[in-house]
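What follows is the residue order along each chain.
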Amino acid sequence: MRILLVEDDLLLGDGIRVGLSQEGYTVDWVTDGVAASAAAEVEEFDLMVLDLGLPKRSGLEVLAALRDRGSSLPVLILTARDTLGDRVQGLDAGADDYLSKPFDLEELCARARALRRRAQGRASPKLVRGDLVLDPAAHSVTLAGSPVALSAGEFTLLSLLLEHAGRVVPRERMEQTLYGWVKEVDSNTIEVYVHHLRKKLGSDLIRTVRGVGYRIEKAG
Ligand code: CA
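So, here is what we can say about the structure in this document.

What counts, and at which threshold
- Residues numbered from 1 in each chain as written.
- Predicted model: local features only at pLDDT ≥ 70, side-chain atom pairs only at ≥ 80, totals over all residues.
- Heavy atoms only, no water.
- Helix = DSSP H or I, 4+ residues; strand = E, 2+ residues; numbered from the N terminus.
- Buried < 20%, exposed > 50% of the residue type's maximum accessible area, 1.4 Å probe, protein only.
- Axes fitted to C-alpha atoms, helices over the stretch in contact; angles between N-to-C directions.
- Parallel < 35°, antiparallel > 145°, perpendicular 65-115°, else oblique.
- Contact = heavy atoms within 4.5 Å.
- Nonpolar A, V, L, I, M, F, W, Y, C, P; charged D, E, K, R; others polar.
- 1 Å grid on protein atoms, 1.4 Å probe; cavity = no way out; pocket = protein on both sides within 12 Å on 5 of 7 lines; lining within 4 Å.
- Points joined across faces, edges and corners; volume = space filled by probe spheres on them.
- Core = buried A, V, L, I, M, F, W, Y, C linked by side-chain atoms within 4.5 Å.
- Pairing = 2+ DSSP bridges.
- Donors = N, O, S within 2.8 Å, 3.2 Å for Na, K, Ca; no water.
- Expected span 1.5 Å × (residues − 1).

Let's talk about unusual backbone geometry
- Here the bond from lysine 101 into proline 102 is cis, since omega is -5 degrees, no more than 30 degrees from zero.
- The topology assignment puts proline 102 in the loop between β5 (97–100) and α5 (105–119).
- Residue lysine 56 is not a glycine yet carries a positive backbone phi of 75 degrees.
- Along the chain, the position of lysine 56 falls in the loop between β3 (47–51) and α3 (59–68).
- Its relative accessible area of 70% is what places lysine 56 among the exposed residues.
- The backbone of alanine 144 shows a phi angle near 50 degrees, a positive value even though the residue is not glycine.

Some details on the packing of helix α7 (residues 171–179) against helix α8 (residues 189–201)
- Look at α7 against α8: their axes get within 10 Å of each other, and the N-to-C directions meet at 85 degrees. In terms of their interaxial angle, α7 and α8 are classed as roughly perpendicular. For the pair formed by α7 and α8, the contact residues are Arg171, Met174, Glu175, Leu178 and Tyr179 on the first element and Thr189, Ile190, Glu191, Tyr193 and Val194 on the second.
- Looking at the contact of α7 with α8 residue by residue, the class counts come to six nonpolar, one polar and three charged.

Describing the layout of surface pockets
- Put simply, the largest pocket is a space of about 430 Å³.
- Along its surface, the largest pocket is lined by 20 residues, and Glu44, Phe45, Asp46, Arg116 and Arg173 are the ones closest to its centre.
- Counting only elements with at least two residues in the lining of the largest pocket, the list comes to α5 and α6 (152–163).

With respect to the nonpolar core
- Judged by nonpolar contacts, the single largest core of 26 residues is most densely connected at Val141, Leu158, Met174, Leu201 and Ile206.
- Contributing elements (two or more residues each) for this core: β7 (132–135), α6, α7, α8 and β12 (213–216).
- With six residues, the single largest contributor to this core is α6.
- Excluding anything up to four places from it in sequence, leucine 158 contacts Leu132, Leu134, Val141, Leu150, Leu197, Leu201, Leu205 and Ile216.
- Core analysis: the second largest hydrophobic core is formed by 18 residues, Val30, Ala39, Met48 and Leu66 among them.

Re the sheet that holds β12
- If you trace the three strands from one edge of the open sheet to the other, you get β10-β12-β11, paired in antiparallel fashion. Looking along the sheet, the strands with just one partner apiece sit at the ends: β10 (169–170) and β11 (206–209).
- As paired strands, β10 and β12 are joined by two bridges and run antiparallel to one another. Paired with proline 170 across the two strands is glycine 213, which belongs to β12.
- Contacts between α6 and the sheet are confined to β10, β11 and β12, with β12 contributing the most and set at about 65 degrees to the helix.

Some remarks on the coordination of the calcium ion
- Binding of the calcium ion to the protein goes through Asp8 (OD), Asp51 (OD) and Gly53 (O), at separations of 2.1 to 2.3 Å.
- As a motif over one chain, the donors of the calcium ion read D-x42-D-x1-G. Residue aspartate 8 is found in the loop between β1 (2–6) and α1 (10–22), and its partner glycine 53 is found in the loop between β3 and α3; the two are separated by 45 residues along the sequence.
- By relative accessible area, aspartate 8 is classed as partly exposed at 30%.

A closer look at α8
- Taking 1.5 Å per residue, 13 residues should reach 18 Å; α8 reaches 18 Å between its end C-alpha atoms and fits that length.
- Structurally, α8 contributes buried residues whose contacts are with β7, β8 (140–143), α6, α7, β11 and β12.
- Just beyond α8, the residue with positive phi is glycine 202, at close to 110 degrees.

What follows is the structure, given as structure tokens:
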């Protein structure tokens, strides 16, 4: 899951970034409202974690602009003051959920998973395909009931492919989900991950769509 974090408090922002990264999420972090709008327009994210009190453009304005252009990106707002007015305004402006500061990182992660699930219209928290089961909360993968050990990157890519089962996931999207916008990715990186996943999970699970990306078929 690739998350756009918008938070101008550097200490808090860094804490959230580190916490979410440890959960295996890729976090791109901006510290003002204008940068947030620009990032959300250009890049593809799975979730925005949005502080309301921001320099240059308020969180509510960022949110309103996002919804005005028809984006359905899930947004979780962070409210400093636990006032009813803030929360109601945020939800009315198109936020999907909110957390009042101070909050627990574990709760933020759980809410992020729930929003992701809701955005994909999934009722079950687990991603299942045949006898392959991926549990995002437990960070575990089993194949026919037996645990499979995956690296953080392998886990991230498998989650992405399972979330999009039946559709092609472009290589660019895979790179962004793994690394965010921070660096140029070695062109072999994705192949190496897919190679390892095939070795661990079976060679026919992940299909190569030449020149585009990869796909996991929906279980028939
Ligand atoms: Ca703030």
